[in-house]
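Here are the chains, one letter per residue:
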Amino acid sequence: NAGVTQTPKFQVLKTGQSMTLQCAQDMNHNSMYWYRQDPGMGLRLIYYSASEGTTDKGEVPNGYNVSRLNKREFSLRLESAAPSQTSVYFCASIAGESYEQYFGPGTRLTVT
Amino acid sequence: GEDVEQSLFLSVREGDSSVINCTYTDSSSTYLYWYKQEPGAGLQLLTYIFSNMDMKQDQRLTVLLNKKDKHLSLRIADTQTGDSAIYFCAENPHGQNFVFGPGTRLSVLP
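In this report, the structure presented in the accompanying data block is examined. (Residues numbered from 1 in each chain as written. Chains lettered and ligands numbered in written order. Predicted model: local features only at pLDDT ≥ 70, side-chain atom pairs only at ≥ 80, totals over all residues. Heavy atoms only, no water.)

## Observations concerning the overall build of chain A
- Each helix and strand counted, chain A has zero helices and eleven strands in total.
- When the elements of chain A are put in sequence order from the N terminus, they spell out β-β-β-β-β-β-β-β-β-β-β.
- Scaling as 2.2 N^0.38, a compact globule of 112 residues should have a C-alpha radius of gyration of about 13 Å, and chain A matches this with 13 Å.
- C-alpha atoms of chain A, sized along the principal axes, occupy 40 × 30 × 25 Å.
- Looking at the 112 residues of chain A, the share that counts as buried comes to 49%.
- Counting only contacts in chain A whose residues sit at least 6 apart along the sequence, the fraction spanning at least 24 positions is 54%.
- A total accessible area of about 5,100 Å² is found for chain A, and carbon and sulfur atoms account for 47% of it.
- One finds the centroid of the 10 positive side-chain charges in chain A at a distance of 9 Å from the centroid of its 9 negative side-chain charges. (Helix = DSSP H or I, 4+ residues; strand = E, 2+ residues; numbered from the N terminus. Rg over C-alpha atoms; globule rule 2.2 N^0.38 Å. Buried < 20%, exposed > 50% of the residue type's maximum accessible area, 1.4 Å probe, protein only. Contact = heavy atoms within 4.5 Å. Areas by Shrake-Rupley, 256 points an atom, 1.4 Å probe, with all protein chains shown as cover. Lys, Arg positive; Asp, Glu negative; His and termini not counted. Charge placed at Lys NZ, Arg CZ, Asp CG, Glu CD.)

## Looking at the packing of aromatic side chains
- Inspection of the entire model under this criterion finds 16 aromatic pairs over all chains.
- Their ring planes at 35° and their centres at 5.8 Å tell us that A:Tyr35 and A:Phe103 sit as a pair that is tilted. Residue A:Tyr35 is found in strand β4 (residues 32-37), and its partner A:Phe103 is found in strand β10 (residues 100-103); the two are separated by 68 residues along the sequence.
- A residue is classified by how much of its surface remains accessible, and A:Phe103, at 11% relative accessible area, is buried.
- With a centroid separation of 5.4 Å and an interplanar angle of 85°, the aromatic rings of A:Tyr35 and B:Phe100 are classed as edge-to-face. With one member in each of two chains, A:Tyr35 in strand β4 and B:Phe100 in strand β10 (residues 97-100) form a pair that bridges those chains.
- A relative accessible area of 6% means that B:Phe100 is categorised as buried.
- Here the aromatic residues A:Tyr33, A:Tyr35, A:Tyr48, A:Phe90, A:Phe103, B:Tyr31, B:Tyr33, B:Tyr35, B:Tyr48, B:Phe50, B:Phe98 and B:Phe100 are joined through ring pairs into a cluster of three or more. (Phe/Tyr/Trp six-rings, centres within 6.5 Å; stacked < 30°, edge-to-face > 60°.)

Remember, this is a structural readout, not a statement about activity or role.
Here it is, written out as structure tokens:
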């Protein structure tokens, strides 16, 4: 099992550019999440998907869109990147009734 | 609203015990969690405790939960240099929706 994988690992964008962050899990989990991590602020939830075909906003959804393409894949899109979106982005999926989260390695995004 | 608080830094000597503390606000959380993040990596689930338990022990890790004070702690016995990392406390007040603390950076001194 690869667990949760994310691509790319690093990305530099100019203000106004768009990009999609990819996430996939091979653990047959129903729920998947996108977080951003900023220094001293822990993780903040951007969007989550409780099951294939459903998505819900988290704490900081503005400027992002998501697609739950199938049970394995959950992508995060920045339509018009802004410097405030410079961050480390983590994808996660959840197992079992105890809601144990498994995280990907992260994508480090810089917007100039 | 929900809030999870932790002190940001902790330094201990190798071989000593480390105690990382966390306070949370929402008493409806079913589980409370501790995650570890090493440099350049994602978060790794260390342990979790069901909200109706007071204590959980897992090898060198001991989790204590005081529901009355909404206080959670993680004790690491015989702390090693490999334990240097950021430790996050998290709660799930709305089932699948999680709230994380800011993380405590643990430095282990030789």
